[in-house]
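Reading the structure
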There are 2 protein chains.
Amino acid sequence: MTPEPTIRRLAKYLELLKIELANGTEEISTTKIANIFELDPTQVRKDIEFTGIIGKPKTGYNVRELYEGIINFLNWKEPKDAFLAGAGHIGSALAHYSNLSDYGIKIIAAFDIDRKKIGKKINDIEIFSIDKMPNLIRRMNVKIGIIATPPDTAQEIANMMIDAGIEGIWNFTPVHIAAPENIVIENAQLTLSLAVLTRRIVEKKYEKTSLGEIYERDINK
Amino acid sequence: MTPEPTIRRLAKYLELLKIELANGTEEISTTKIANIFELDPTQVRKDIEFTGIIGKPKTGYNVRELYEGIINFLNWKEPKDAFLAGAGHIGSALAHYSNLSDYGIKIIAAFDIDRKKIGKKINDIEIFSIDKMPNLIRRMNVKIGIIATPPDTAQEIANMMIDAGIEGIWNFTPVHIAAPENIVIENAQLTLSLAVLTRRIVEKKYEKTSLGEIYERDINK
DNA sequence: TAGATTGTTAATCGATTAACAATC
DNA sequence: TAGATTGTTAATCGATTAACAATC
């Protein structure tokens, strides 16, 4: 299994490769990639090794080849159909991102319990009653589910999805989703990201404070 | 510096503690927390150790004490003012989440270049011209910036924020933000999360396939 | 008391980084 | 050729997990 940090970094490299591809750059070295993302070149090489793409000493990697190698590795070549449960604020923001199809998925329908929303469309994606989801998952052979519902219904929705044959769930709710181990649960929990941000900010301050204190102590001698 | 996985897990525990607090539970053990999140109890104890909260052998931790300990640790007690750059789909979804103040930040103003948006409000948050952002950051002593603009302007916006005195940036664009090391950059890049989801799904399939092949080989003997 | 749980040290595991020969 | 870069093995680092005495 590829380390998660490697998968994330590869997706980052892809953004750069898109730009380089548009610029017509033909070759790129791990030294260059590493400089841009403030990483170790060896790490970039290790990451690329997972994709199976090989480079040429002295010149580096062919930009197009590497780009396609990562796209294939992430399985982003053919976007997979996905169902969105919950057409609230985050749900509709996701529905508006038509370019998710450049990132491996395509939302083809949304589901909600709110009668006022059912029947409406967001960015051409129709909103159905949540009751219809399980049958539609089966009939349309959908393998990816997105949960952007209120937290208290999240586990129930996940169970419905799993029973109907979903293989992977992208979870935007702050709750832990329990699932059998053959199901992939990927959490996009913004509050966890906020936790890292706010904690790191205080840590930076402590750092400064401690240095300050040492300095103070020194000048008081 | 606290390991990032620890910070994220602590934020997860908090969700459980909220529920337990509402239920009136007084004590909670690491065994219970670990079971719910499918973790090792020792890991949970190690995580809690960072907050400085201590438990009692046999009974565990006081729920309220642990809850408040984590809130303090994450610096979520007093939500910090934040500015939002970019009032597009994700930007407005964020602006609608009034409960971000339970997660350490409070969006007090939004900024955009689109003249049609300027002057309007999202969930009572006024949208100003982006030109006004630097001065307002200084005057209002804002320390947290959120970037939800198109990718090509992200670095520029980040520079404006940093020059004006922002300490931490929550980045929703898919680009890498370069910043001095005293600035905290936290990426909430949804596409990276998608990369993990889609890759893990193919890996699960490989797993099955390999097992299948071994099985096939065995029965063919 | 017996048993569950904490707090903490030691062992293990996995990811990152260093070193360096091979190559163009 | 000299120098930059790859590919790969070894060393290091940091996080997780195991072990276990102390405690209520």
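My aim in this report is to walk through the structure given alongside it, one point at a time. Note that the structure is a prediction, hence the values are computed from the model and not measured. (Residues numbered from 1 in each chain as written. Chains lettered and ligands numbered in written order. Predicted model: local features only at pLDDT ≥ 70, side-chain atom pairs only at ≥ 80, totals over all residues. Heavy atoms only, no water.)

1. What to know about the overall build of chain A
- Scanning chain A for helices and strands turns up 8 helices and 9 strands.
- For a compact globule of 221 residues, the expected C-alpha radius of gyration is about 17 Å, and chain A comes in at 22 Å, more than 25% above that figure.
- Along the longest, intermediate and shortest principal axes, the C-alpha atoms of chain A span 70 × 55 × 35 Å.
- A burial count over chain A gives 47% of its 221 residues as buried.
- Restricting the contact set of chain A to residue pairs at least 6 apart, pairs at least 24 apart contribute 57%.
- In the form shown here, chain A has an accessible surface area of approximately 11300 Å², with 51% of it arising from carbon and sulfur atoms.
- Within chain A, the 30 negative side-chain charges are centred at a point lying 2 Å from the centre of the 29 positive side-chain charges. (Helix = DSSP H or I, 4+ residues; strand = E, 2+ residues; numbered from the N terminus. Rg over C-alpha atoms; globule rule 2.2 N^0.38 Å. Buried < 20%, exposed > 50% of the residue type's maximum accessible area, 1.4 Å probe, protein only. Contact = heavy atoms within 4.5 Å. Areas by Shrake-Rupley, 256 points an atom, 1.4 Å probe, with all protein chains shown as cover. Lys, Arg positive; Asp, Glu negative; His and termini not counted. Charge placed at Lys NZ, Arg CZ, Asp CG, Glu CD.)

2. Topic: the interface of chain A and chain B
- Contacts between the two partners involve 59 residues from chain A and, on the opposite side, 59 residues from chain B.
- Here chain A and chain B share an interface that buries about 5600 Å² over both sides, 68% of which is from carbon and sulfur atoms.
- Inspection of the chain A/chain B interface yields 2 salt bridges.
- E167 of chain A is paired through a salt bridge with K205 of chain B; the nearest N and O atoms lie 3.2 Å apart.
- Elements with a contribution of two residues or more to the side of chain A that touches chain B: α1 (4–23), α2 (30–37), α4 (63–74), α5 (89–96), β8 (168–171), β9 (184–187) and α8 (190–219) of chain A.
- Ranked by residue count, the leading element in the side of chain A that touches chain B is α8 of chain A, at 16 residues.
- Of the residues that constitute the side of chain A that touches chain B, the class distribution is 33 nonpolar, 13 polar and 13 charged. (Buried area = accessible area lost by both parts, 1.4 Å probe. Salt bridge = Lys/Arg side-chain N within 4 Å of Asp/Glu carboxyl O. Nonpolar A, V, L, I, M, F, W, Y, C, P; charged D, E, K, R; others polar.)

3. So, unusual backbone geometry
All names here are of chain A.
- Positive phi is not limited to glycine here, since K58 has a value of about 80 degrees.
- Structurally, K58 can be placed in the loop between α3 (41–51) and β2 (61–62).
- Look at K58 and you get exposed, because its relative accessible area is 88%.
- In the Ramachandran plot, N123 falls in the positive-phi region, its phi being about 50 degrees despite a non-glycine side chain.
- One can find N123 in the loop between β5 (121–122) and β6 (125–129).

4. Let's talk about the sheet that holds strand β9 (residues 184–187) of chain B
Residue and element names in this part refer to chain B.
- An order of β5-β6-β4-β3-β7-β8-β9 is seen for the 7 strands of this open sheet, with the pairing classed as mixed. Each edge of the sheet is formed by a strand with only one pairing partner; in this case those strands are β5 (121–122) and β9.
- In terms of strand pairing, strand β3 (residues 80–85) meets strand β7 (residues 144–147) through 4 bridges, oriented parallel. Following the sheet pairing, L84 is matched in β7 by I146. (Pairing = 2+ DSSP bridges.)

5. A few points about the protein's contact with DNA strand C
- What surrounds DNA strand C is a group of 23 residues, the closest being T30, R45, G55, K58 and Y61 of chain B.
- Taking the atoms of DNA strand C that fall within 4 Å of the protein, sugar and phosphate contribute 62% of them.
- G55 of chain B is positioned such that a nitrogen or oxygen atom in its backbone is 2.7 Å from a phosphate oxygen of DNA strand C.
- The contact in question runs from a sugar or linking oxygen of DNA strand C to an N or O atom on the backbone of K58 of chain B, over 3.4 Å.
- At the level of elements, α1 and α3 of chain A together with α2 (30–37) and α3 (41–51) of chain B are the ones that each hand at least two residues to the surface near DNA strand C.
- Looking at the surface near DNA strand C, the element that brings in the most residues is α3 of chain B, giving 4 residues. (Near = heavy atom within 4 Å. Polar contact = N/O pair within 3.5 Å; in protein donor to acceptor, adjacent residues only side chain to side chain.)

6. Details of the pattern of salt bridges
Residues and elements named next belong to chain A.
- Enumeration over the complete set of coordinates arrives at 20 salt bridges over all chains.
- Here R8 ties to E186 by a salt bridge, and the two come within 3.6 Å at their closest N and O atoms. A residue pair is termed long-range when its members are at least 10 positions apart, and R8 in helix α1 and E186 in strand β9 qualify at 178 residues.
- Under the relative-accessibility criterion, R8 is labelled partly exposed at 26%.
- Close ionic contact of E203 with R199 constitutes a salt bridge, the shortest N to O distance being 3.0 Å. Note that E203 and R199 are positioned in helix α8 at a spacing of 4 residues, about one turn of the helix. In this pair, the class of E203 matches that of R199, namely buried.

7. What about the environment of Q43 of chain A?
Residues and elements named next belong to chain A.
- Mapped onto the elements, Q43 comes out in helix α3.
- Since its relative accessible area comes to 30%, Q43 is described here as partly exposed.
- Separated by 127 residues in sequence, Q43 and W170 have C-alpha atoms that sit 28 Å apart.

8. Things to note about the packing of aromatic side chains
- All chains considered together, the criterion is met by 10 aromatic pairs over all chains.
- Arranged with centres 5.7 Å apart and planes meeting at 45 degrees, the rings of Y13 of chain B and F37 of chain B form a pair that is tilted. With a gap of 24 residues between them, Y13 of chain B in helix α1 (residues 4–23) and F37 of chain B in helix α2 connect regions that are remote in the sequence.
- By the ring-pair criterion, three or more aromatic residues cluster together here, those being F83, F111 and F128 of chain A.
- Above the plane of the ring of F73 of chain B lies R199 of chain A, whose end atom (NZ or CZ) is 3.7 Å from the centre. (Phe/Tyr/Trp six-rings, centres within 6.5 Å; stacked < 30°, edge-to-face > 60°. Lys NZ or Arg CZ within 6 Å of the ring centre and 35° of its normal.)

9. Comments concerning the packing of α3 of chain B against helix α4 (residues 63–73) of chain B
Residue and element names in this part refer to chain B.
- Their axes nearest at 9 Å, the elements α3 and α4 cross at an angle of 65 degrees. In the packing of α3 onto α4, the handedness of the crossing is left-handed. Mapping the contact onto sequence places I48, F50 and T51 in α3 and L66, G69, I70 and F73 in α4.
- Split into classes, the residues belonging to the contact of α3 with α4 amount to 5 nonpolar, 2 polar and no charged. (Axes fitted to C-alpha atoms, helices over the stretch in contact; angles between N-to-C directions. Left-handed = near helix turned anticlockwise from the far one by under 90°.)

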